[in-house]
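Fold and geometry: a report
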Amino acid sequence: MPPLHLSSRFTSIPHPLINLTATKRPISSTAITMSLSSSPSPSIANNPKEHKDTEKLIAQVLKYHNQTKHFFTNYARGPRGLDWANQPNPFRRYISSPLFSLLHFPIENNQNSAPLYHSLFNSLPSPYPISKTSISQLFYDSLALSAWKTTGFSTWSLRVNPSSGNLHPTEAYIISPAIDSFCDSAFVAHYAPKEHSLELRAKIPDTFLPSFFPSDAFLIGFSSIFWREAWKYGERAFRYCNHDVGHAIAAISIAAAELGWDVKLLDGLGFKELERLMGLEINQGFRIPDKPIKGKFPEIEFEHPDCVLVVFPNGVNDFNVNYKELSSAIMEFGNFEWIGKPNSLSKEHICWDVIYRTAEAVKKPLKIYDRFLVDKFQSSGICSEGSYRGFSVREVVRKRRSAVDMDGVTKMERDTFYQIMLHCLPSGHGSGEKQKRQLALPFRVLSWDAEVHSVLFVHRVVGLPKGLYFLVRNEDHLDELKKATRAEFKWEKPEGCPDDLPLYELARGDCQQIAKQLSCHQDIAGDGCFSLGMVAHLEPTLCSKGAWMYPRLFWETGVLGQVLYLEAHAVGISATGIGCFFDDPVHEILGLRGSNFQSLYHFTVGGPVLDKRIMSLPAYPGPSVDA
């Protein structure tokens, strides 16, 4: 094949992959409006005012998305340096709220009581009842601290759920029936990971949950503190916050599966219902400025409610949710006594106004006619079960770490690679359907068809030629993808690929340097076994459903990223999410134009390099620092 010729925005290094000559074409506001006008949602098209309002919201989302892209010539706007004196406290606490300690569990030697990690993708164990023990285990294996690290004068914590920059903007809440030795009535509590404890926020009627959900069901809510990510990453932080929500959703789903519980997103609820349910209306009063400004803005530390999950015994799939009646019941939460005031996280702040304008644009309204469906659990495909090391679920989730460097040497067997890809598919195996609906663990938690694909840079997979590959996670998009990408791409199934794995070889060649360049010149993207970019069906999804799908597409990438993390550790290597990449150069590699398909998240999987200067300490009891 001809050598790779990169445009002036690339460093000119020859690669035998494909010929690139196209230049970046910015999207004008006029083009956005014309595009939006062409394909309104059928439910919106009958209401001209609603259609116009929807266009404005989507235009704001696309403005944010384009404004926060990285280019070779410039990065998205952010702080010019890190203000260490105002680094946000990573631990939210509610001052004066009663704190109830949860139980801790051993990591090793629990194979007799805990299922093996890879077994969860085939079937779930019998469900546990709700108790202090099971709720403790759910949080311990999903959102708790996993270790402390120390070197020199620096000490910091790690968590089971990963986060961009280890900044952890995601907060979690539980809405639960009464639990012995914790609360004698149904309650709302905030999870405090540093203490592995629950902070009681409010007592609620015992009739609330059984009025809408099956026995032994409870709710988990997530919110985001944008300031935590914006402190380091500036305007791009909104993207990273939503990656983290997706990771947290998947972390809860996997930990719940370990207990025999199923999890589904209650996506018919609107922003106001979520805010009221989690008691976040205390954060009222923030006003968005006209431009980025620096100063003391304690109100910027508010929590933006993201979503609520219902957790229930697996096998129970015959219940429906009446969102109209559920909304009415949640609105009564404003009459309850809420305990505790949120702690302060920083003394001074920088407000990146575009983050908060976009957060306003993506607020989802109540959808009383949304159908709540619990599809039958679908197992995932198996082609190399022997690739897994026999780790329990807890061993995998609690020992998961984000690799800082890859060794550039470790290789992966082809069948292991295919096995990991099978676990990345939304529809699982054996349903007789094309990949589209999200039926397999943990993707079944999501309430929409898969909208995210993966373009793969294969570097060190034994038996698989180096080059560019594509995993199609919604096969309804296949023809559109072929037309939207470069005409010279092969779109052929690679040798030995399982029949039900929609993986395609696009082009052969050594793409290590390209992967590094695209991921903000980070060596880690080219030094692993493979790296990838997650490509979302962006603008058509926004136009058909609404601006509120924008964060949800990032959630889907986070769920997929969590699977990649866990799969890597389950086969004995490591992985890392990469939020910094040059957006349009990625699209240029693929030949993509416009906003129909956009890269939202990058990832790398390979052999980690361990930094021996850093000492690991147990998660509990940890040091007294808030870090």
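Cut-offs and rules
- Note that residues are indexed from 1 along each chain, following the sequence as it is written.
- Given that the model is predicted, a residue must reach a pLDDT of at least 70 before its local features are reported, and side-chain atom pairs must reach 80 or more before they are shown or counted; all residues, however, enter totals for whole chains, interfaces and linings.
- Hydrogens and water molecules were not included; the side-chain quantities draw on all heavy atoms of the structure.
- For this analysis, a ring pair means two rings from Phe, Tyr or Trp (six-membered ring only for Trp) whose centres lie within 6.5 Å, classed as stacked if their planes differ by under 30 degrees, edge-to-face if by over 60, and tilted for the remaining angles.
- Every helix listed is a DSSP run of H or I at least four residues long, and every strand listed is a run of E at least two residues long, numbered separately from the N terminus.
- Residue burial is assigned from relative accessible area. The probe radius is 1.4 Å, only protein chains are included, and a residue is buried under 20% of its type maximum, exposed over 50%, and partly exposed in between.
- To qualify as a nonpolar core, a set must consist of buried Ala, Val, Leu, Ile, Met, Phe, Trp, Tyr and Cys residues joined through side-chain atoms within 4.5 Å.
- Any pair of residues with heavy atoms lying within 4.5 Å of one another is described as a contacting pair.
- To get an axis, a line is fitted to the C-alpha atoms, and for a helix only the part in contact is used. The angle between two axes follows their N-to-C directions and goes from 0 to 180 degrees.
- Orientation categories follow fixed angle ranges, with anything under 35 degrees roughly parallel, anything over 145 roughly antiparallel, 65 to 115 roughly perpendicular, and all other angles oblique.
- Each crossing gets its handedness from the near helix: less than a right angle anticlockwise from the far helix is left-handed, clockwise is right-handed.
- UniProt positions are given in the numbering used here, feature names are shortened, and annotations may be inferred rather than shown by experiment.
- Our working definition of a disulfide is a cysteine sulfur pair at a distance within 2.5 Å.
- The working definition used for a salt bridge is a side-chain nitrogen of Lys or Arg within 4 Å of a carboxyl oxygen of Asp or Glu.
- For two strands to count as paired, DSSP must find a minimum of two bridges between them.
- On a scale of 0 to 100, pLDDT captures the predictor's confidence in every residue.

The protein chain goes by Nitroreductase domain-containing protein in an unreviewed UniProt entry, where it is assigned to Dovyalis caffra.

1. Some remarks on the packing of aromatic side chains
Counted under the stated rule, the structure contains 33 aromatic pairs. Ring geometry for Tyr64 and Phe238: centres 5.7 Å apart, planes at 85 degrees, overall edge-to-face. Of this pair, Tyr64 sits in helix α3 (residues 48–67) while Phe238 is found in helix α6 (residues 237–258), placing the two residues 174 residues apart along the sequence. Residue Tyr64 shares its accessibility class with Phe238, and that shared class is buried. A connected cluster of aromatic rings, assembled from ring pairs, spans Tyr64, Phe226, Phe238, Phe302, Tyr356, Tyr550 and Phe554.

2. Here's the deal with the nonpolar core
By size, the foremost hydrophobic cluster in this structure holds 130 residues, and its most contacted members are Phe222, Phe417 and Met421. For this core, the element with the highest residue contribution is helix α15 (residues 549–570), accounting for 13 residues. In contact with Met421, not counting residues within four places along its chain, are Leu456, Leu471, Leu501, Phe530 and Leu564.

3. Notes on the environment of Gly390
Along the chain, Gly390 turns up in the loop between α9 (353–361) and α10 (393–399). Overall, the relative accessible area of 28% leaves Gly390 in the partly exposed class.

4. Things to note about the packing of helix α14 (residues 538–545) against α15
In a packed pair of helices, the relevant descriptors are the angle between the two axes and the axis-to-axis distance. Running from N to C, α14 and α15 point in directions that differ by 130 degrees, and their axes come no closer than 9 Å. Compared by their axis directions, α14 and α15 come out oblique. When you trace α14 past α15, the crossing you get is right-handed. Counting all contacts with α14, which are made through Leu538, Thr541, Leu542 and Lys545, the residues of α15 involved are Met549, Tyr550 and Leu553.

5. Describing the UniProt feature "domain: Nitroreductase" (unreviewed entry) in the protein chain
Feature annotation in UniProt places "domain: Nitroreductase" (unreviewed entry) on residues 159–281, given in this structure's numbering. Secondary structure content for residues 159–281 is 30% helix and 27% strand, while the C-alpha to C-alpha distance between its ends is 27 Å.

6. A short note on the state of the cysteines
Inspection of every chain in the model, using the stated rule, returns one disulfide. Two residues share a disulfide in this structure: Cys520 and Cys580, whose sulfurs sit 2.1 Å from each other. In this structure, the disulfide formed by Cys520 and Cys580 twists by about -90 degrees around the S-S bond and is classed as left-handed. Of this pair, Cys520 sits in the loop between α13 (512–518) and β19 (530–537) while Cys580 sits in the loop between β20 (574–578) and α16 (583–590), and the two are 60 residues apart along the sequence.

7. Some points on the pattern of salt bridges
Across all of its chains, the model carries 33 salt bridges by this definition. With a closest N to O distance of 2.8 Å, Lys69 and Asp584 form a salt bridge. Note that Lys69 is positioned in the loop between α3 and β1 (94–95) and Asp584 in helix α16, a separation of 515 residues in sequence. Notably, a salt bridge pairs Asp290 with Arg357, separated by 3.8 Å at the nearest N-O pair. Linking Asp290 in the loop between α7 (271–277) and β10 (293–295) with Arg357 in helix α9, this pair joins segments that are 67 residues apart in sequence. Among the residues examined, Asp290 registers a relative accessible area of 73% and is labelled exposed. Among the residues examined, Arg357 registers a relative accessible area of 29% and is labelled partly exposed. Put simply, Asp267, Lys364, Asp370 and Arg552 are held in one network by salt bridges that share partners.

8. A short note on helix α4 (residues 132–140)
Within α4, seven of the nine residues are buried, which leaves it mostly tucked inside the rest of the structure. Listed in full, the buried residues belonging to α4 are Ser134, Ile135, Ser136, Gln137, Leu138, Phe139 and Tyr140.

9. Re the pairing of strand β11 (residues 304–313)
Burial runs high along β11: ten of the ten residues are buried. In the sheet, strand β8 (residues 218–224) pairs with β11 via seven bridges, with the strands oriented antiparallel. Bridge pairing in β11 links Ile220 to Leu309. Pairing between strand β9 (residues 261–265) and β11: five bridges, direction antiparallel. Bridge pairing in β11 links Val263 to Val311.

10. Thoughts on the sheet that holds strand β21 (residues 597–606)
If you walk across this open sheet you meet the six strands as β18-β17-β15-β19-β21-β20, and the pairing is antiparallel. Both edges of this open sheet fall to β18 (503–508) and β20, since each of them pairs with a single strand only. On average, each strand axis in the sheet is tilted by 25 degrees relative to the strand beside it, whichever way the strands run. Note: β20 against β21, five bridges, orientation antiparallel. Of the residues in β21, the one forming a bridge with Ile578 is His602. Packed on one face of the sheet, α16 meets β15 (452–458), β17 (467–471), β18, β19 and β21 and runs near 90 degrees to β21.

11. Comments concerning the pairing of β15
The buried fraction of β15 is high, at seven of seven residues. In β15, alternate side chains face the same way, and those of Val452, Ser454, Leu456 and Val458 on one face and His453, Val455 and Phe457 on the other are all buried. Note: β15 against β19, seven bridges, orientation antiparallel. Counterpart to Val452 in the pairing with β19 is Ala536. With five bridges connecting them, β15 and β17 associate as antiparallel partners. Along β17, the bridge assignment pairs Leu456 with Tyr469.

12. A short note on the sheet that holds strand β3 (residues 145–151)
Read from one edge of the open sheet, three strands run β4-β3-β22, paired in antiparallel fashion. The sheet is open, and its two edges are formed by β4 (154–159) and β22 (615–617), each paired on a single side. Each adjacent strand pair in this sheet contributes to an overall mean axis angle of 30 degrees, direction not counted. Two strands pair when backbone bridges link them, and β3 and β22 are joined in this way by three bridges, in the antiparallel orientation. By the bridge assignment, Lys149 is partnered in β22 with Ser616.

13. Some details on the confidence of the model for the protein chain
Predicted coordinates in regions of low pLDDT should not be interpreted in detail. Mean pLDDT over the protein chain works out to 91, with 91% of the residues at or above the 70 mark. pLDDT under 50 marks residues 1–16. Its contacts with residues more than four places away, or in other chains, come to 53 contacts.

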